[in-house]
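# Fold and geometry: a report
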Amino acid sequence: MSKFNTYAQQLDAAFKTARGEYVETYQRFQQAQQANCRANAWTPNESAAEKQVKTARAALALHDAETAFTEVSARVWGDFKTTRRMLRADLEQEVRAANLANPDAIDSNALELLKSGVLTSDDYAAFMEKYDSNPTMLKLLAHYAAEAAKVTDSRREAATLNAISIDCQSGQSAVLRAFDDICKISDHCRGEKHVGDQIRPEYAVNMSSRWEELTSEAVENF
């Protein structure tokens, strides 16, 4: 769990809120449809007047339920996507600020080791893990790992060092990529189609029920 975990938690909460309203309103619409079918079905010993009243009430209830669902389905996912965009913008700004170089964050002893040129790729990997939450040291690791890759005689060692350098350089974007990955799952779970943005209610309800299954670990570890 990183210091940015609150953004994943807020995204999770926003999806669940949208899903809850969407599913509840759709279920009411379904219930009204079923009630309307029952009202129009033949019932023994029912007078014409009773039938008329019953079917009229059922039709009105169905109209109201359909109107409510149309309104909700047009609003909740749009509101969710707006919240999602705002969260990402705030996250990007905070990540950028957190990744500014800070001279006070430099470990002088580690820096001397980096300068010495004696470290192996295993050493760099260990340092990368140790300074995972220190953007300044990661920037230095990226630089020295790339330099070490240039002078080693081992292709395998050079490849490993270059990979470490790239990983250290992308420390800032890694957080955003992880957030974007969860966002992609949210599109999948709300039933978004690749063509246009039409959502089939029954599919959206079914897919949205898998949100926790698909994202709980990613949200927790964000």
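Quick caveat, the model's predicted, so the values are computed rather than measured.

## Regarding the overall build of the chain
The helix and strand inventory of the chain stands at nine helices and zero strands. Counted from the first residue to the last, the chain has its helices and strands arranged as α-α-α-α-α-α-α-α-α. Here the chain has a C-alpha radius of gyration of 28 Å; the compact-globule value for 222 residues is 17 Å, and the former is much larger. The principal-axis extent of the C-alpha atoms belonging to the chain is close to 100 × 35 × 25 Å. The burial tally for the chain puts 35% of its 222 residues in the buried class. Contacts in the chain between residues at least 24 apart in sequence constitute 73% of all its contacts with a sequence separation of at least 6. Summed over its atoms, the accessible surface of the chain is roughly 13,500 Å², and 52% of this surface lies on carbon and sulfur atoms. The average position of the 26 basic charges and that of the 33 acidic charges among the side chains of the chain differ by 6 Å.

## Side note on helix 9 (residues 211–221)
Taken as a whole, helix 9 has its buried residues at W211, T215 and V219. Down the axis of helix 9, the buried side of the element spans an arc of 45°, and every buried residue falls inside it. With respect to the buried face of helix 9, the exposed residues turned more than 90 degrees away are E213, E217 and E220.

## What about the packing of helix 4 (residues 121–130) against helix 6 (residues 155–169)?
Close contact between helix 4 and helix 6 brings their axes to 9 Å; oriented N to C, the two are set at 15°. By the angle between their axes, helix 4 is roughly parallel relative to helix 6. The handedness of the crossing between helix 4 and helix 6 comes out as left-handed. Side by side, helix 4 and helix 6 meet where S121, Y124, A125 and M128 of the first sit next to E157, T160, L161, I164, D167 and C168 of the second. In terms of residue class, the contact of helix 4 with helix 6 is built from six nonpolar, two polar and two charged.

## Here's the deal with the packing of helix 4 against helix 5 (residues 135–151)
The geometry of a pair of packed helices is captured by two quantities: the angle between their axes and the separation between those axes. Running from N to C, helix 4 and helix 5 cross one another at 170°; their axes reach a closest spacing of 10 Å. By the angle between their directions, the pair helix 4 and helix 5 is classed as roughly antiparallel. On helix 5, the residues that touch Y124, F127 and M128 of helix 4 are L138, L141, Y144, A145 and A148. Broken down by class, the residue content of the contact of helix 4 with helix 5 amounts to eight nonpolar, no polar and no charged.

## Some thoughts on unusual backbone geometry
One non-glycine residue with positive phi stands out, namely N45, at about 60°. When its relative accessible area of 82% is taken as the criterion, N45 is described as exposed.

## Side note on the packing of aromatic side chains
Within this structure, the stated rule accounts for ten aromatic pairs. Ring centres of Y26 and F69 lie 5.1 Å apart, and the angle between their planes is 45°; on these two criteria the pair is classed as tilted. Of this pair, Y26 sits in helix 1 (residues 5–40) while F69 sits in helix 2 (residues 48–98), placing them 43 residues apart in sequence. Here F69 falls in the buried class, since its relative accessible area comes to 7%. Ring centres 5.8 Å apart and planes at 85° place the aromatic pair F127 and Y131 in the edge-to-face group. We note that F127, like Y131, is buried. Joined through ring pairs, the aromatic side chains of F15, Y22, Y26, F29, F69, W77, F80 and W211 make up one cluster.

Parameters at a glance
Residues numbered from 1 in each chain as written. Predicted model: local features only at pLDDT ≥ 70, side-chain atom pairs only at ≥ 80, totals over all residues. Heavy atoms only, no water. Helix = DSSP H or I, 4+ residues; strand = E, 2+ residues; numbered from the N terminus. Rg over C-alpha atoms; globule rule 2.2 N^0.38 Å. Buried < 20%, exposed > 50% of the residue type's maximum accessible area, 1.4 Å probe, protein only. Contact = heavy atoms within 4.5 Å. Areas by Shrake-Rupley, 256 points an atom, 1.4 Å probe, with all protein chains shown as cover. Lys, Arg positive; Asp, Glu negative; His and termini not counted. Charge placed at Lys NZ, Arg CZ, Asp CG, Glu CD. Arc of directions from axis to C-beta. Axes fitted to C-alpha atoms, helices over the stretch in contact; angles between N-to-C directions. Parallel < 35°, antiparallel > 145°, perpendicular 65-115°, else oblique. Left-handed = near helix turned anticlockwise from the far one by under 90°. Nonpolar A, V, L, I, M, F, W, Y, C, P; charged D, E, K, R; others polar. Phe/Tyr/Trp six-rings, centres within 6.5 Å; stacked < 30°, edge-to-face > 60°.

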